Each structure stands twice: as structure tokens, then as C-alpha cells.
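Chains, contacts and geometry: an overview
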Amino acid sequence: MALDRITLSRFRNHADTALDDTRRFNLLVGENGAGKTNVLEAISLLAPGRGLRRAALADLPSQSGGGGFTVGASLAQAEGEPVRLGTFVRADLPGRRKVRVNGAEASAASLGEWLAIGWLTPAMDRLFADSAGARRRFVDRMTLALEPGHARHAARYEGALRERNRLLGDEREPDPAWLDGIEVQLAEHGAELAQARLRTIARLSDALAAVPDEPFARPLLAIEPGGPADEAALATALREGRRADRRAGRTLTGPHRDELLVTMAGKSMPAAECSTGEQKAMLIAITLAHAELAAQGRPGLLLLDEVAAHLDPVRRAALFERLREGAAQVWLTGTEMTPFAEIAEEAAVWRVREGAVERV
Amino acid sequence: MASQEIEKLAGALAQLPGLGPRSARRAVLWLVKHRGKALPQLLEALGAVQDRLVECEICGNVDTRNPCGICADPRRDAKSICVVEDVSDLWALDRARLFTGRYHVLGGKLSALEGVRPEDLAIDTLLGRVAPKDGEGGVDEVVLAMNATLEGQTTAHYIAERLEEFPVRITQLAHGLPVGGELDYLDEGTLAQALRARRPVG
Ligand SMILES: [Zn+2]
């Protein structure tokens, strides 16, 4: 139950790349800029959404490709023929990503029925030191993989929040009935949003509780709520906060002010104050725990970009051990083979150079 | 090479929703081919629309008479009003022939970001229709058939609150209407179900 026969055509710097005979561990090794992460990004597009770089569609086709690209892969099944998954943008319809399953057009959302793909990239390294908003987005992305309805509540809440803030910022005294109408929806979708985040953190915490403190830095997760998670209580808080919110020029209560708190177990130290190695280890622990929750009977795939090189040998060995125990197919990138010595024997290895791959 | 007049007509038709340059050109070719009969008919119909189309002063519907055909129809239940955002919603709902009362067109939806305020919508005229008159009972039921958008639903809540002072039953479609013309493609079964399952607001 893993991806095989992965093809990239006119995608980023890959003119025509194929990866066959994949294994549990798959390594992409090459210089920076060779196109390793582009392979991971292509694979990440076999899930709904914008992929691991959150790139605009227009950035994906290769410079010389005329505006279109294709990514394909076959997914082995326990019984019967493998399922053929594909996603592409046609040069004459550059704004639209299309999806095919076994040759028939399908929705991007339907990709999620076949595969659960999780990833960790260097761009996420600063997560704990970053803004509270970045951590909320991180929680929302994890929640979305567990509860597809989350996106709609988040969008509605954001929209209602902008309406309320505009109304409160008005020179005229805001119409109370109009505020009521907006707050009904803020409370409804805000409560859904807040509760879904709490459920995600609770499930992750359960999964992480089984992980030993050492050698992996084990994170403890909590949400510091920005407002009541109960619909009626949130509605009341919004109504009672109107005067203060009007003075502040914005809404001071609600899940848009939720904060994800991460501390390192054992040390009881806020994650932002831990060493970069410890922060990376905690991110990995969260990513692995989430990948297992998200798989839910679907085959799982983990894309770990530049992860191994930044871990000390003990943590690296522990990571490989956990990945070996897990069910997911793993894709790793690195500039050299040394950090992968322990799994080199069992892994499929490709050397990546200038947008082309060569099996080692 | 088509003449300037024909190019101009094709350009005007291409602006219509659902038509593009290619369909517009096909329509023009057809009109040229059938110019003997089709062109006078079309000209007459367009002229009539330009001369006679008016907005109904009661409900905001667009018709060739004022009050409109719906407001003037004695078989229509005057005690039941269905409130919609736009004329397109009214027409789509009425085409399905599911609602036996009359309508009220707001002319948009509340949006703080786009600067659409309560006074920009036909809300006061709605309150005027609902308010009990001397000796008469006014309206029994108001059905709020706003779009399923955030602004549509905010508007529905707003109107429900403004109507609270009147002895009137306020209901809402089981789910909001799809936006504008999309209603054309909504099958009658779905709409009938949404109307049947309308629920009290509050
Ligand atoms: Zn009328």
C-alpha cells in the first residue's frame, strides 16, 4: 500500500522524471537547488490543497514547459490492480488544477480518500518562535486533515470577524441589530472552530503521551483559548465586549486569539526557548503523531525535507526506528548520504541533479 | 470580414451572462440568416422592455406593470411574504411555483466591508408592509429566503430582529438559497424541501 511509479513532467525544474521501485524509505540526495524538494512538492500535490510550499499554481510549471505540468503515481492495493492517481494543469487552462483517478476526472478533495500525506519542511523550523498566527495556521492545517468541515467554519468566522471589525470601526454608532446578526455567526462558527482545535490537540496529546521523553524531545501541547469555546458563552462575550472592542477598534475575544502553547516535557521549558535541535525533534514528534491520526485506515505518506541532517545521531537513530515501526511510506531529502547510513541498505536512493534523477 | 454593424452587435451580445464571443457570433449569424422574421420580433420585444419595464413599488419586482403581476394577482396570498435579495432570486423561486404568497426584493445584502447599510436596502418598505394597518391584520408570515452566504445570513438575522415587534411568524429556508442565478440549476425537489422544512428564526 504505497506509492510507486511516480512521474513528474514539466514540473518546476523536472522536465521528465520517473521514480520506480519505491520502498518503505526513499531517499533523494543532491546539492541544494538540484530539485529534491520539487519531487516532494509534486508528491504533496496528490493530496487536496496547495502542496508543501503552498505555492501558486502558476509557479509550478517548468520555465520551458509552456504553462502546463503533470504529476502521476500509482498506488498499490492490497488486492487487485494499483490505483492510478494524477494531477495536472493544462497549458491552455493555467488557473485550474485537475485531478484524475484511474483516468477519470475527479475532485481534488477525493484524493484524500486514497492517501494521507504529511510533511515537515525547513520553513516550519521557526514555528515556535514565530507569531501566534503561524501556530494557529499550523493547528488549523492539522485539524483540517482530521475534520474536513473545519475549512468552512474558519472561512465563515474570518469573514464575520472582518465585518464586525469594520462595523465597530465606523464613525457612526454601530446598528445593534446588525451586530447581533454578525455575532450569531461569529458565535456559531467560532465555537466550531475552537472546539475542533481543542479536539485535535487532545487527540495529539493522547498520541504523544505514549512517546518516551528521551531521546526524542516530547512536546506537551495546550491551547490558551482566545475566547469561550461554547457557542452561547462566546455570543455573550461578544455582546458584552462591544464597547471595549469599539474602543480598541477590533474584536478582542474569540478563537482568532487562540494560542498554541508547546512546552518540552521533562524540562518544562517553553518550546521557543529550547535548542534548535530540541525544537526540530518536537516538530518531528508532532508530525509523526499527526500522520498516524490522519491516516485512519488510508495509506500514509511522510515527506521529510532536510530533516535528518539537523538531528544529532541519537535522535536520528530514534527517528528512523519510529519510522520503521510506523505504517507510512517515507520520503527523505539530504545533501549527502552520511546521515542516512543506518537506512541506506533498505532504502531506495536517487541522486538528484539539475532536475533529473538517477537510481543509485 | 464582418461589417462594423455586425461586429458591434456581436460585441454587445458577448457581454450577456452565459454568452461568450463565440456564442455571440453564432447568435448573430442566426439572426442575419433569419432576419426577415426573427429580427422584427426581437426588436419589438426589446423595445417593449425598454419602454415599459418598471420596478414594482410594492415588492421591488421588475415587470411591465406597477404593481407587478404577482402583487396584482388576487389568488396570491397577501398575508405571506417571501423576502429575497435580488430580482433574480424572486424569478427563480417563482418559476418553481412553490410559494403561493407574495415577494419582497431587498435589492442586495448587508455588507460592512462593501458599505451596504440597512438604509440602502428596501427594509423600511418591508416593515411598512408587515405592520398592521387600521382594521387590517397586516401579514401573518414572513419567509426569509436569503442566500447561503455570510452576508445573506447576517441580513436574515437582521431582518428577523427588526420584525420582532410585529405579531408575525418569521421563518427561514432550511438552508440558504444558492447565490443569484445558480438557483436556476437547483432542482425543484430541493427547493420544495427547503420551503417545507422552513424553520422559525430565533
Ligand atoms: Zn410587486
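Just above, that's the structure.
Here goes a summary of the coordinates provided. Just so we're clear, the structure is a prediction, and the values are computed from it rather than from any experiment. Within each chain, residues carry numbers counting from 1 in the order of the written sequence. All chains are assigned letters beginning with A, and all ligands numbers beginning with 1, in the order in which they are written. Totals for whole chains, interfaces and linings use all residues, but because this is a predicted model, local features are given only for residues with pLDDT of at least 70 and pairs of side-chain atoms are given and counted only at 80 or more.

**Concerning the packing of helix α3 (residues 150–168) of chain A against helix α4 (residues 176–209) of chain A**
Two measures define how a pair of helices packs: the angle their axes make with one another and the distance between the axes. Residue and element names in this part refer to chain A. Where α3 contacts α4, the axes come no closer than 8 Å and their chain directions differ by 145°. α3 and α4 meet at a crossing whose hand is left-handed. Of α4, the residues touching α3 (which contributes H150, H153, A154, R156, Y157, A160, L161, E163, R164 and L167) are W178, L179, I182, E183, Q185, L186, H189, G190, E192, L193 and A196. Amino acid classes used here: Ala, Val, Leu, Ile, Met, Phe, Trp, Tyr, Cys and Pro are nonpolar; Asp, Glu, Lys and Arg are charged; the rest, including Gly, are polar. Of the residues in the contact of α3 with α4, the class split is eleven nonpolar, five polar and five charged. Axes here mean lines fitted to C-alpha atoms, for a helix over just the part in contact, with angles spanning 0 to 180 degrees between N-to-C directions. The helix count covers DSSP runs of H or I at least four residues long, the strand count covers runs of E at least two residues long, and both are numbered beginning at the N terminus. Crossing chirality is assigned from the near helix's rotation relative to the far helix, an anticlockwise turn below a right angle marking it left-handed and a clockwise turn marking it right-handed. We call two residues in contact when the distance between their C-beta atoms, placed using the backbone, is within 7 Å.

**Quick notes on the interface of chain A and chain B**
Facing 15 residues of chain A, the contacting portion of chain B comprises eleven residues. Those elements giving two or more residues to the side of chain A that touches chain B turn out to be α3 and α4 of chain A. For the side of chain A that touches chain B, the residue count by class is six nonpolar, three polar and six charged.

**Let's talk about the pairing of strand β10 (residues 259–264) of chain A**
All names here are of chain A. A pair of strands is treated as paired once DSSP finds two or more bridges between them. Here six bridges tie strand β9 (residues 219–224) to β10, and the two strands are oriented antiparallel to one another. In the sheet register, I223 faces β10, and the bridge partner there is L260. The sheet contact formed by β10 and strand β11 (residues 269–270) spans two bridges and is antiparallel. By the bridge assignment for β11, M264 is matched with M269. With antiparallel pairing between neighbouring strands as the criterion, β10 and β11 make up a hairpin whose turn holds four residues, including G266 at a positive phi of roughly 85°.

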